[in-house]
Amino acid sequence: MSKDKIKAMFVGTAIGDCLGMPVETWTPAKIVEKYKFVNDYLVPDGHKWFNGHAAGTYTDDTQLTLAVAEAIIESPLDMDVQRKHHVAALKETDAGWGNSTRNAVRNLANGAHWANAGKGQTGVGNGVAMKISPVGAYLFSVRNDRDALRDGLEYLKSINLMTHYTSISFSAALAQAFAVYYCLKSDSISYDAELFKKSVLKASIVGQQIL
């Protein structure tokens, strides 16, 4: 069941990303005006980042989620491996990347250490939260080992600092990771919506306190 849910996490990420790609950065009002609602893969004609892409194309959200996951699979908790996979992703394309992520990974590509590449990058968007779900899955996989769980949280913080030096970014990333963690450990019987919201909120507050 856990493996199926983790697979669904990746598939859901890609589906949501592909559906949202043509309207990324749009306001709700603009989406309603143009499409009423999005319920199919659309061609992003005229989009500032994705013009010319085919309908159903995923963006940097999925691209970097896969980079994080591939690094964890290759060598869990190894930030040098995260660096390698992020640089490889940059070489593929930086379409849709936020400036903080792009600048920091360019620094990595130019030889900067992962702990220093993100210094000066203060983006407050979702550049880390959007790709951090594999770390939530990793935390779930080591949930019964307190030391491994602690190391996993430190790893999450390091991934954040690699590209973003803000507590806002870390809070969002921690909240997203714990949202994934909670969903993976819950089933249809034990899932509690209120407890879920409290867990995510607590994670975001902790993120602001400890970075």
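Residues numbered from 1 in each chain as written. Predicted model: local features only at pLDDT ≥ 70, side-chain atom pairs only at ≥ 80, totals over all residues. Heavy atoms only, no water.

### Topic: the nonpolar core
- Grouped together as the largest cluster of nonpolar side chains are 36 residues, with contacts concentrated most on L108, I132, V135, L156 and I159.
- Of all the secondary-structure elements, those providing two or more residues to this core are helix 3 (60–74), helix 4 (79–92), helix 5 (99–109), helix 6 (114–117), helix 7 (133–141), helix 8 (146–163) and helix 9 (167–185).
- Looking at this core element by element, the count peaks at seven residues for helix 9.
- For I159, the residues in contact, after removing those within four places along its chain, are V68, M79, Q82, K131, I132 and V135.
- The next biggest cluster of nonpolar side chains, apart from the first, holds five residues, and it includes A175, Y182, F196 and V200. (Core = buried A, V, L, I, M, F, W, Y, C linked by side-chain atoms within 4.5 Å. Buried < 20%, exposed > 50% of the residue type's maximum accessible area, 1.4 Å probe, protein only. Helix = DSSP H or I, 4+ residues; strand = E, 2+ residues; numbered from the N terminus. Contact = heavy atoms within 4.5 Å.)

### Considerations on helix 9
- With 19 residues, helix 9 extends 26 Å from end C-alpha to end C-alpha; this agrees with the ideal 27 Å at 1.5 Å per step.
- Taken together, the buried positions of helix 9 are S169, F170, S171, A173, L174, A175, A177, A179, V180, Y181, Y182 and L184. (Expected span 1.5 Å × (residues − 1).)

### A closer look at the pattern of salt bridges
- In total, this model carries seven salt bridges according to the counting rule given.
- Among the salt bridges present, the one from R150 reaches D151, with a minimum N-O distance of 3.4 Å.
- By relative accessible area, which is 34% here, D151 ends up partly exposed.
- Taken together, the shared-partner salt bridges in this structure form one network comprising D94, R102 and R106. (Salt bridge = Lys/Arg side-chain N within 4 Å of Asp/Glu carboxyl O.)

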